[in-house]
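Now for the letters of each chain:
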Amino acid sequence: TGETVLSVPAGAVGELPIAGLADGTYTVALRSDVPVVASAFSRIGTGAAPGDFAWSPAATGVVTLGGAAFWSDPGVTRTAHLVSTGGNSTAEVVTVIDGEPRTRKVELLADRVATVPLDGATSVSVRRITGSGELRGTIVSSGGTGPARVLSAMSLEESAVTSEVSRAFPPP
């Protein structure tokens, strides 16, 4: 919806209300010349009736491989929101659907969000394969209607892809 400047003194808390948006999924991009801690609060509903809310912390950069596992539920809509901060990148996204891996490449323009549907997936892995930007991502899940609507936001975190192997010996 545009850019807004919010100056917050060191050690203080700032709040940037965003109102009047149509239903949908939005991204907040934060730029600062010093390190900051940030999160976003999302609410479904008006506050006058039951609803749901989510706190979404800022996503850290994925250095090698980011991933998440989840259950597949036909009543839940799930998407990955990916961004390449500081430069363009190409990401490889691998989802597992019905036990089969499916791979796709996603072109990411600097500081612009790309949305990847995760319909039917039970896991997702994301890695940067080209480019100079720092890869970040969030998995957004939602389901239900009206007062039963629920929302979840989970940052893509660095995933361990190796483990130490020790030798096993049978008992004497």
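Let me sum up the structure you'll find in this document. All values derive from a computational prediction rather than experimental measurement.

Things to note about the sheet that holds strand β3 (residues 66-69)
As a general point, the strands of a sheet are linked pairwise by backbone hydrogen bonds and lie either parallel or antiparallel. Pairing in this open sheet of 5 strands is antiparallel, and the strands run β6-β5-β8-β3-β11 from one edge to the other. Either end of the sheet is taken by a strand with one partner, and the two such strands are β6 (100-108) and β11 (157-158). Sheet analysis places β3 next to β11, joined by 2 bridges and oriented antiparallel. Bridge pairing in β11 links Gly-66 to Glu-158.

With respect to the pattern of salt bridges
Scanning the entire structure with this criterion turns up 2 salt bridges. Where Arg-127 meets Glu-92, a salt bridge forms, and the shortest distance between an N and an O atom there is 2.8 Å. In this pair, Arg-127 sits in strand β8 (residues 121-131) while Glu-92 sits in strand β5 (residues 89-97), placing the two residues 35 residues apart along the sequence. Taking relative accessible area as the criterion, Arg-127 reaches 35% and is therefore assigned partly exposed. A relative accessible area of 18% means that Glu-92 is categorised as buried. For Glu-134, the salt bridge identified is with Arg-136, shortest N-O distance 2.8 Å. For Glu-134, a relative accessible area of 37% translates into the label partly exposed.

What counts and what doesn't
Residues numbered from 1 in each chain as written. Predicted model: local features only at pLDDT ≥ 70, side-chain atom pairs only at ≥ 80, totals over all residues. Heavy atoms only, no water. Pairing = 2+ DSSP bridges. Helix = DSSP H or I, 4+ residues; strand = E, 2+ residues; numbered from the N terminus. Salt bridge = Lys/Arg side-chain N within 4 Å of Asp/Glu carboxyl O. Buried < 20%, exposed > 50% of the residue type's maximum accessible area, 1.4 Å probe, protein only.

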